[in-house]
Every structure is written in structure tokens, then in C-alpha cells.
Amino acid sequence: MAGTRFPLEVQPIIPEALERLADLANDLVYSWERSIRQLYERLDKVLWEECGHNPKVFLRRVSQQNLDEAAQDRSYLEDYRRVMAAYDSYREHRGHPELTRAFDPKKDLIAYFCLEFGLHESFPIYSGGLGILAGDHCKAASDLGLPFVAVGLLYQAGYFTQIIDGQGQQQVINTPSHPHDLPVVPTLTESGQQLTLDIEFPGRMLKVAVWTARVGHINLYLLDTNLPGNSEADRHITHQLYGGDREMRIQQELVLGVCGVRALRALGLRPTAWHINEGHAAFQLLERCAFRMREGLDFLSAMELVAAGTVFTTHTPVPAGHDIFDHELVARYLTPMAHALGMTLEQLFALGVTSGDGFNMTTLALRCTRFHNGVSRIHGGVASDMERQIWPQIPPEENPIGYVTNGVHLQTFLAPDWISLFDLRLDDWRNELLNEDYWQRLDDVPNHHYWSIHKALKSELLERVAASVEKQQRRNGTSDAVIKHMLRYLVEPESDLLVMGFARRFATYKRAGMLFADPGRLAQLLGNPERPAIIIFAGKAHPKDQPGQALIRQIHEFSMRPEFIGKIFLLEGYDLALARQMVAGVDVWLNTPEYPLEASGTSGQKAGLNGAVNLSVLDGWWGEGYDGTNGWGITPRGGQFDEHHRFLEEARDLLDIMEHEVFPTYYDGNSGGYSSEWVALSKSSMKSTIPRFNAQRMLRDYVTQFYTAARDQRQKLEANDAALAKELAAWKLKVRAAWPQVSMELLVQPPLVVHTDGQIMLRVRALLDGLAADDVRLECLLGRQDESGAFSVELTSELSPLEKEGDYQIFGLDMDPQLAGLQYYQLRMYPYNPAQSHPFELGAMIWI
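Please read all numbers here as calculations on a predicted model, not as lab measurements.

Caption draft 1: Broad picture of the sheet that holds strand 16 (residues 533-538). Within the open sheet, the six strands sit side by side as 17-16-15-18-19-20. Their pairing is parallel. If you trace the sheet from one side to the other, it starts and ends with strand 17 (568-571) and strand 20 (631-634), each paired once. Averaged over neighbouring strand pairs, the angle between their axes works out to 20° when direction is ignored. Note: strand 15 (residues 498-503) against strand 18 (residues 588-591), two bridges, orientation parallel. The partner of Met 500 across the bridge, within strand 18, is Val 588. This element, helix 22 (residues 546-559), spans strand 16 and strand 17 of the sheet and lies at about 140° to strand 17. The strands that helix 24 (residues 602-609) touches are strand 15, strand 18 and strand 19 (613-617); relative to strand 18, the one it contacts most, it runs at about 170°.

Shown next, in the form of C-alpha cells:
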């Protein structure tokens, strides 16, 4: 048909009886409260799906008739009032007493910066795990009533929508959205105008608008360059997450870091603790230093003050996950910042350099913060080793990087059916999320009742998979006969079927192809008609990640082989909605990362809290979560073996566990329609995951281990016109100048054999090159040595300063033997100042 097609949207008038549906659409509480989303879905289920579960768009397009009928429907109105009462009660609730005592809402504020936030599929400003973790962090902060704000970017196109064609090629679909489609409102100044900010870019001033998304009790401020006063290129800076080239990335990160700080300042917000979630936002540290310098501090003192109040979380052991910019880009965009900091460009560049020629945002963040963490116990150790050059003389296991293991927002990912069960059988369970003993009462739920809930969730997943596969295959031209063959297990929901799932970003280190290392054996396992099983894959690869896209093609090709049709499924369009359904409906959650590259792996936590049983390499969170009763662990092969050998050996373990443990446990002893052994395993998975790996536990750990310490340390350094910050900066300058000349030698040491009634006497002579005795700390480390030669410290004792001998300072220690048998000792010295946040933050240490 010829002619132009013009859009026209006829919008309804919301009846007075339902007028607060609009309020709910502008509060992301709907992202985790299923009862709120159901109010929209009941009005028009088909439209709700067409609108991508977006309440704002839905309310503009739903028919007037449906709204008017609902306003007269007694059942609907009762549910509406019940939801509104629960929402109002949540808004009035002021959080967890233990944590709100630690952070006073009247005095304290935590500011959390991240490049992406995954709150709900209707708000596409996220790509994957980092964003969903940030979204869960915000939700938990709201639940706990913490004084908390978050800062990110408002992307018009967000991340991409994925289609997989008939050849297994990932097709990228970008669907731009307008702020009026999203749960945001303009952030207003006192004069009632939208807040806008300026930042100097090469040859021009860039304008940035600020929007507010409400997430329960907290605000998420989002920055937007799509303004009429900017050039077309500049308007696209916030167009797409992880789009464009390196120049666009540095532009995005400057907007986030610099304008994010300026936005909070313009709103009169004064955070007492700051949290940078991954290195993308590290430019905020320089902006905050510049602000402190305008208040009268020199750069080094300003940096001590800023660093003391900041927590930095690193998320990836994969080098490609760390942003590095070349000298030319940094010179072009950061010259104004160097001037503001009173330094040369080379001095600024040095803040981000450890090895190589590039400016590393992770390095900048580590140098300019004092509190650092990885996101699981294993990852904390990996990150400490990866970043050892920041503290070159400190053993990696002792450097300042700690860890907080990630957790997931329970109410977002726990299936509504389980929530209903908990409401029925578990008193006040929402206030017991941190109580491990409490969750043992899941054992009191009758097995048949427990299994009926899981089976219903599995049926819902299989219906979703069948619909998705049929739509995908018909679009790709697959014949009716092949489609029917594909769906043969999915359309018989009453038959027992073992369902395994693998859904995450298709990055090569996640090794999605491990299941196919021995395709013949896998075909045998899946081909047993007495023990039917399917495996569902879903996930996206970055548009520029060709090896990741090759993995998608490989899985597609296997799924279309005769022996795997109807047993291997590759779903397209992975998003939060599909993720929620998969983690709730599968029996087994698979994860096969290359050790130790899985920083955390929160998808397994989401599955575990729904009773799915994890089968995973013992990496990331599963290294802590696996207890021998709640799933299966694949022991990673050591680094002394080559990558291919490790892959084949771990693939063999995976198939062995499937054949000899997973299938027999699920199918053997199956009486009454289920395996009691499997139900026990599933309950154990749920009991061990819910209290230990939920986002409230994660946030509690951040508050008690990092936020409180950062706030207190900043306040200590800031007192009396930042006197202690100035003293600490001057002291570090003195130590750095002297340290290359510092040395020590052993003067007196105990004999090789000491009796228990004897004494261990040590004397050390140290050349301090102008440093005072109380500028350093000498320690004797006593411990054991194992068969491999590794030294394990059991006792640490400090040597005291004694007399001076010319330019030398004598230190000594006299102590009674406290350990029996053969032992070893080592002696070390490092700079020490009680004003430091961490005793080793200078990275300086020498040994005898």
C-alpha cells in the first residue's frame, strides 16, 4: 500500500477508582512485586505481553472499556486495594534496625555509581550480570531502608534485543525508547526546571540532563545527553549501552563520573560514603578531588580524603573487562581535568598506569580509593593477585583487596508460587532472610506439596519454551514436521521430564560448549526413552564478540542434529523475564566456567533459591555455596595443565555426574510421582541458598565491612579542616622518598634449637634514611611449612624500637616459645601510620 503511515495513539482516561495505577507505574517496586504487575496483566494479558511488561506504555494503550469494567469489578477492586495497602505499608516501612542504626538517614548517605542497572525488562538500561547485580543492590537498599542514592546513564536504545536466525546467527535489533516510555521523571531544580549540567569536552560544552527513577525508598539518578543543544554525535553518547568505539566509551564514563558527582552536588546531596561498582565510574574520584581543591586542599591531601570515603568493587578477572584508554584519548578529554587538579597531563596519566601503555580505569579506581573488594571469596583472591602491581611489595594474599560475595534480590527472582507457600507456612519469612537456622523449617513442607509447586513451575517454563521455539522456528522457515518433532516432549506436561538449563552471557570463558565435548555420550544420555531429559540454552553474545557468537552457532547446529532435535533448545531474546522463568522452572542449573574466571555467577543463586539443583564448576559463589548436600561440584583442574586438557577432563566430570548421579537421583526410587531423594536435594539447595546468597545479606556485609569503615575514615580525615588528611599526605610523600634507601639486617637471632623454658631473642638493625622508628613496623612471622614449601603464618609478633646506633635504629623482640616442634620465622618491615585505612596501602615492604 502506497503512502506514509502516521502513528496515532489513543490514550484512555484512568478511572478515579484506579487512579493510583499511574503511581505504581512510576515506582520500580513493580519490578519485584508480582502482585503489582498482575494488576496490569489482568486488564489485558495480550497487550501486557506486547508492551514488554511496561506499565507506563500499557496504561497509555489499554482500552477505556477494560479500565471502566475493572473499576466496576468487585474482585479486581479488592485486589487493587490490597496491593495499594501493601505498597503504602512498604513506603512507610523504614528498614532493618541493625543497618539503619549504623547509617543514620538524617546524617548519612551512600552514593552508588554504575554504568548499567538491571531492574526489570521494561527498563532496558542493562546488559547482563553487572547491571542486574546493581539493580539488586538498589532493591536491597530500599528494602533495608538505607540512606542510598544511585547514579547511572539513561540509554535510549539500552542493550540490544536478540534474534537467532536459521543458521544460528545472532541478529541484533535495537529498539530506541523515549523517557516518557520509561519509569523516570525529570529531576527538578528548586525553580521547577529539569536539572541540566555542563561538562567541557574538546572544543565544546556538553549539556547533560538528569532524570529520576524511583526504586521504592531510594532514587536512581540517570544522566542523558540527548538534548537539543548538543550536536547529533553528542546526543548519541547515552544512546546505547556498550555501543560505539573507545572514544564513545570514554565520553560515557566522563558523563557518568564527572556529571554524576555534579548532579548530586546540585541537588544538595552530600554522600558520606561512595561506592564505585566497576571501574567505569572512576572519573568521579578526580572530580571530587578537584572540588576539594577548590575548597583549599592540595591534590595529595584531597586524594587522601576522597579515597578514604570510597569503596571500589571489581567484578571481572577477565582482562577484556577492564577499560583501557590510549594516551591520545586521555589527552584529548582529560586535559581540563589535569588543569583543575593542578598537575600535568603526564602526572594524571600515571594515576591509571601499572603496566603497558594504556590508562586503566581499574588501576585509577584502586589507586584513588582505600576500600576494595571482589565479589566472591575465590574472586577476592584472584583480584588480589591480578592487581598486585598496585602494592608491589605486598604479598597478594595480604594486600587491601577483600571480598563480599554477591547475592540476589529474593523477591525479584523467587517464583510467586514459592512466595505463596512461604506466606502460608512460614511466619514473617521476609524478616528472616539473614537467619540460616530459620530456613531449616522448609523440611516441614510435605514432599508432595513441595514437588507439586515445582512441577507447576516447570510446566509454565515448558509452555514458554514451546511457544518461543515454535515462533522462532516458523520465522526461520522450519517445516511443520520438524517443529512437531522438536516440541514432542514439551507438549506433554504430564509426563516426567528432567529439565536442565544454561543461561548467561555467551563469553568464551563460560564454556557453553563443554556439554558437547563428547556429543556421542551426550546423545546417549539424552536419548534414553526411560529417562527423558532436555537442556535449554539462552543468552546473548556482545555484538563485537565473534567467538561468543560462534558458541551460539555451535549450540544451534547441535540442536538441529537428528539426535538432539527436541532435546537441546536454544532460545532467543534472553532478558530478565525469561531469566526469572528459567531459574524457577528447571531441575538442574548448569555452569561450566573456566576456573578462576567466574567472578561470582549469580544465575546459579537465583536457581538455587527456587529449589533448582546446581551442577557447576567450583568457581565463583559455588566455591562457597556447595556443601556436598545441595548439588554437585566439578573440581577444576590445576593451572599446571594446559587449557585443552582442563576442558576435556572437566567435561568428562560433567558427563560422569550427569550419568551416574543426576539421572539416577532424579529417576530412581521415583514413587508417588517424584523422587524423595531429589526433593531432599532440592530443599537443601533452597535452604542453603536463600539465607546466605540473598542481596540483603550482601548489603549487610557492605555496610558492616566497607560502608561504615569508609564513612568513619573519611570523617576522621576531614575533621579540623582536614588536618589528618594533610598530615597523612605529607607523611606518605616523606615515606615514598625515603623507602628506596631503607634496609635492615639481622644482628641477633635465636639458635636452631630452643627449649620450652628458653627465650626467643631477635635483634634487627635498620637504616631508615630519615624516617622515625614509629614510621615503620617490624614484625616476626612464626609458622609452619608444608610439604610443598608453602609457609603458613600462625603467630605474628612486633619488634620494638630500642637504641640508636649512629644512622641505624635497633629493633628487638624477646618472647617465650608459643609453638611446639619444628617451625620457621620471617622478618619484615613496612611503613606504618595509624591514620591509614589499611596498613599496607602504600604497597611498601621489605624482608630479611
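Caption draft 2: The arrangement of the pairing of strand 24 (residues 760-767) in detail. Relative to strand 24, strand 23 (residues 743-748) is paired through five bridges, and the arrangement is antiparallel. Along strand 24, the bridge assignment pairs Ser 743 with Leu 767. By the bridge criterion, eight bridges tie strand 24 to strand 27 (residues 808-815) in an arrangement that is antiparallel. When the sheet's bridge partners are listed, Leu 767 is paired in strand 27 with Tyr 808.

Caption draft 3: Region of the structure containing the packing of aromatic side chains. According to the stated counting rule, one finds 33 aromatic pairs in the structure shown. Ring centres of Phe 516 and Phe 558 lie 4.3 Å apart, and the angle between their planes is 10°; this geometry places the pair in the stacked category. Remark: Phe 558 occurs in helix 22 and Phe 516 occurs in the loop between strand 15 and helix 21 (519-526); sequence separation between them is 42 residues. Like Phe 558, Phe 516 is buried. Among the aromatic residues, those joined into a cluster by ring pairs are Trp 451, Trp 632, Tyr 666, Tyr 667 and Trp 678. In this arrangement the basic side chain of Lys 606 is found over the ring face of Phe 413, its NZ or CZ atom lying 4.6 Å from the centre.

Caption draft 4: Quick look at the packing of helix 8 (residues 129-144) against helix 28 (residues 695-738). One can describe the packing of helix 8 onto helix 28 by two numbers: an axis separation of 9 Å at closest approach and a directional angle of 80°. Taken together, the axes of helix 8 and helix 28 lie roughly perpendicular to each other. The segment helix 8 lies against helix 28, with Leu 133, Asp 136, His 137, Ala 140, Ala 141, Asp 143 and Leu 144 engaging Ala 695, Gln 696, Met 698, Leu 699, Tyr 702 and Tyr 707. Taken together, the residues of the contact of helix 8 with helix 28 break down into nine nonpolar, two polar and two charged.

Caption draft 5: Representation of the sheet that holds strand 25 (residues 776-785) within the structure. Pairing is antiparallel across the open sheet formed by seven strands, whose spatial order is 23-24-27-26-25-28-29. Each of the sheet's edge strands pairs with one partner strand only, and the pair in question is strand 23 and strand 29 (846-847).

Caption draft 6: Structural view of the environment of Ile 535. Looking at the secondary structure, you find Ile 535 in strand 16. The spatial distance from the C-alpha of Ile 535 to the C-alpha of Leu 498 is 8.6 Å, given a sequence separation of 37 residues. Not counting residues up to four positions away in its chain, the partners in contact with Ile 535 are Met 500, Leu 515, Leu 522, Leu 526, Lys 567, Ile 568, Phe 569 and Leu 590.

Caption draft 7: Highlighting the pattern of salt bridges. Applying the stated criterion across every chain, the model contains 57 salt bridges. In this structure, the salt-bridge partner of Lys 732 is Glu 841, at a minimum N-O distance of 2.5 Å. Residue Lys 732 is located in helix 28, and its partner Glu 841 is located in the loop between strand 28 (824-831) and strand 29; the two are separated by 109 residues in the primary sequence. Here the residues in one salt-bridge network are Glu 9, Arg 60, Arg 61 and Asp 181, joined through shared partners.

Caption draft 8: Structural context of the side chain of Glu 278. For Glu 278, the position within the fold is in the loop between strand 9 (273-277) and helix 11 (283-294). Here Glu 278 is buried and forms no salt bridge, its nearest opposite-charge partner Arg 505 lying at an N-O distance of 9.0 Å. Here His 315 takes part through its backbone nitrogen, which lies 3.1 Å from a polar atom of the side chain of Glu 278. Excluding residues within four positions of it along the chain, Glu 278 makes contact with Leu 130, Phe 312, Thr 313, Thr 314, His 315, Thr 316 and Thr 362.

Caption draft 9: Quick peek at unusual backbone geometry. Following Tyr 595, the chain continues into Pro 596 via a peptide bond in cis, with omega recorded as 0°. Its place among the elements puts Pro 596 in the loop between strand 18 and helix 24. Positive phi, close to 55°, is recorded for Asn 720, a residue that is not glycine. The residue Asn 720 is located in helix 28 in this model. On the basis of relative accessibility, which here comes to 70%, the residue Asn 720 falls in the exposed class. In this model, Asp 721 sits at a positive phi of 60°, which is unusual for a non-glycine residue. Mapped onto the elements of the fold, Asp 721 is located in helix 28.

Caption draft 10: Layout of the environment of Leu 154. Counting through the fold element by element, Leu 154 comes out in the loop between strand 2 (148-153) and strand 3 (161-164). Since its relative accessible area comes to 1%, Leu 154 is described here as buried. A C-alpha to C-alpha distance of 35 Å links Leu 154 and Gly 513, two positions 359 residues apart in sequence. The contacts of Leu 154, once residues within four sequence positions are left out, are Phe 123, Pro 179, Leu 182, Val 184, Trp 211, Leu 222, Leu 223, Asp 224 and Thr 238.

Caption draft 11: Looking closely at the pairing of strand 17. In strand 17, alternate side chains face the same way, and those of Ile 568 and Leu 570 on one face and Phe 569 and Leu 571 on the other are all buried. By the bridge criterion, four bridges tie strand 16 to strand 17 in an arrangement that is parallel. Each bridged residue has a counterpart across the sheet, and for Ile 536 the counterpart in strand 17 is Phe 569. Following the backbone out of strand 16, through helix 22 and into the adjacent parallel strand 17, one traces a crossover that is right-handed.

What counts, and at which threshold
- Residues numbered from 1 in each chain as written.
- Predicted model: local features only at pLDDT ≥ 70, side-chain atom pairs only at ≥ 80, totals over all residues.
- Heavy atoms only, no water.
- Pairing = 2+ DSSP bridges.
- Helix = DSSP H or I, 4+ residues; strand = E, 2+ residues; numbered from the N terminus.
- Axes fitted to C-alpha atoms, helices over the stretch in contact; angles between N-to-C directions.
- Contact = heavy atoms within 4.5 Å.
- Phe/Tyr/Trp six-rings, centres within 6.5 Å; stacked < 30°, edge-to-face > 60°.
- Buried < 20%, exposed > 50% of the residue type's maximum accessible area, 1.4 Å probe, protein only.
- Lys NZ or Arg CZ within 6 Å of the ring centre and 35° of its normal.
- Parallel < 35°, antiparallel > 145°, perpendicular 65-115°, else oblique.
- Nonpolar A, V, L, I, M, F, W, Y, C, P; charged D, E, K, R; others polar.
- Salt bridge = Lys/Arg side-chain N within 4 Å of Asp/Glu carboxyl O.
- Lys, Arg positive; Asp, Glu negative; His and termini not counted.
- Polar contact = N/O pair within 3.5 Å; in protein donor to acceptor, adjacent residues only side chain to side chain.
- Right-handed = clockwise from strand over helix to strand, strands pointing away.

Such coordinate-based values are descriptive only and should not be taken to indicate function.
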